[in-house]
Amino acid sequence: MKGLLIKDFKLMKNQKQFFLVLIFIGLVFLMTQNSPYMAIGYATVMVSMFTITTLSYDEIDNGNAYLFTLPFDRKEYVREKYMFGLMTCLAGLIVSVNLGVAVSFVKRQVLAMPMEFEWTSIGVISLVAITMCIYFLAVAIPVEIKLGVEKGRMGFLLIMVLFFIGYYLILMVVEKISGRNPLEFIGKIMHLHVGAIAGILIATWIVVCGISILVSTYIIGRKEY
């Protein structure tokens, strides 16, 4: 797995323009918003999407046919993609939080500009951003493996549309059964202690990632390269 991780991190060197644009947009958010929350969420999610790009690179010119002749199995290849996605997600989060705090300090102390943030809010935003990354990867990786580069993009967009439709249908069912606004339940969740929210989210991460890894492993095990 170490060799696969090194390969994917080296592939990131080819994305210098992407990271420059990402940094520029993040700085725009930091300079135009009164809080760094938007920039933190944006940077974390965008960096994690590079995992899907590595799948595309592996597939170029039938590269997987050569890749799978090396001394590792397909299960290890799948696990590495999830590990790489989590590592890039955490790296994007750490960098964006530190940059957000630094810019907040400069704007407030040096430039006398309004810039407010709370560590509790940053913690909640960080958990939400990581959750979005994990859910994105849990859906996108098996779709990309199954359909390939071109079809995978359309398939992922279709799944995201179905996901949002399902989300709203669930809200409608909850409202009809309980007779209460679903936003009340969301509000109660948001008022829980950060530790409780983290525990709930971590449990969902494990379940979602576990199912996604099993699906991806099954799909890639049946593919011929």
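Conventions we followed
Residues numbered from 1 in each chain as written. Predicted model: local features only at pLDDT ≥ 70, side-chain atom pairs only at ≥ 80, totals over all residues. Heavy atoms only, no water. Helix = DSSP H or I, 4+ residues; strand = E, 2+ residues; numbered from the N terminus. Areas by Shrake-Rupley, 256 points an atom, 1.4 Å probe, with all protein chains shown as cover. Patch = residues over 30% accessible without salt bridge, like charges linked within 9 Å, V, L, I, M, F, W, Y side chains within 5 Å. Salt bridge = Lys/Arg side-chain N within 4 Å of Asp/Glu carboxyl O. Buried < 20%, exposed > 50% of the residue type's maximum accessible area, 1.4 Å probe, protein only. pLDDT = per-residue confidence, 0-100. Phe/Tyr/Trp six-rings, centres within 6.5 Å; stacked < 30°, edge-to-face > 60°. Core = buried A, V, L, I, M, F, W, Y, C linked by side-chain atoms within 4.5 Å. Contact = heavy atoms within 4.5 Å. Axes fitted to C-alpha atoms, helices over the stretch in contact; angles between N-to-C directions. Parallel < 35°, antiparallel > 145°, perpendicular 65-115°, else oblique. Nonpolar A, V, L, I, M, F, W, Y, C, P; charged D, E, K, R; others polar.

### What to know about the overall build of the protein
Part 1: Looking only at helices and strands, the protein has nine helices and zero strands in total.
Part 2: Secondary structure elements of the protein occur, N-terminal to C-terminal, as α-α-α-α-α-α-α-α-α.
Part 3: For the protein, the accessible area works out to roughly 13600 Å², and carbon and sulfur atoms hold 72% of it.

### With respect to a nonpolar patch on the surface
Part 1: A grouping of Met1, Phe9, Met83 and Met87 is seen on the molecular surface, where their side chains present a nonpolar patch of about 310 Å² in accessible area.
Part 2: Judged by relative accessible area, Met1 falls into the partly exposed class, the value being 31%.

### What to know about the confidence of the model for the protein
Part 1: Mean pLDDT over the protein stands at 77; residues scoring 70 or higher make up 74%.
Part 2: Per-element confidence in the protein ranges from a low mean pLDDT of 53 for helix α8 (residues 182-190) to a high of 85 for helix α9 (residues 194-222).

### Quick notes on the packing of aromatic side chains
Centre distance and the angle of the planes are the two values used to describe a pair of aromatic rings.
Part 1: According to the stated counting rule, one finds two aromatic pairs in the structure shown.
Part 2: Plain terms: the ring middles of Phe50 and Phe84 are 6.2 Å apart, the flat faces sit at 55 degrees to each other, and that makes the pair tilted. Here Phe50 is found in helix α4 (residues 50-59), whereas its partner Phe84 is found in helix α6 (residues 74-110), with 34 residues between them in sequence.
Part 3: Feature note: the residues Phe9, Phe50 and Phe84 constitute an aromatic cluster, connected by ring pairs.

### Things to note about the pattern of salt bridges
Two side chains that carry opposite charge are able to pair once their charged atoms sit near each other.
Part 1: Summed over all chains, the structure comprises four salt bridges.
Part 2: Asp58 serves as the salt-bridge partner of Lys7, at 2.9 Å between the closest nitrogen and oxygen. Taken together, the residues Lys7 in helix α1 (residues 2-11) and Asp58 in helix α4 connect sequence positions 51 residues apart.
Part 3: Here Asp58 falls in the buried class, since its relative accessible area comes to 6%.

### What about the nonpolar core?
Part 1: In this structure, Ile52, Leu55, Phe72, Tyr77, Ile141, Ile145 and Ile220 are the most contacted members of the largest nonpolar core, which totals 16 residues.
Part 2: Looking at this core, the elements that each hand over two or more residues are α4, α6, α7 (119-178) and α9.
Part 3: Among the elements that take part in this core, α7 stands out by supplying five residues, more than any other.
Part 4: Beyond its immediate chain neighbours, meaning those up to four positions away, Ile52 contacts Phe136, Ala140, Ile141 and Glu144.
Part 5: Among the nonpolar cores identified, the runner-up in size contains 15 residues, and Leu93, Ile130, Ile134 and Leu201 belong to it.

### Section: the packing of α1 against α4
Part 1: The geometry of α1 relative to α4 is characterised by a closest axis approach of 10 Å and an angle of 100 degrees between their N-to-C directions. Accordingly, the angle class assigned to the pair α1 and α4 is roughly perpendicular. Here α1 contributes Lys7, Asp8 and Leu11 to the contact with α4, which in turn contributes Phe50, Thr54, Tyr57 and Asp58.
Part 2: Here the residues of the contact of α1 with α4 sort into three nonpolar, one polar and three charged.

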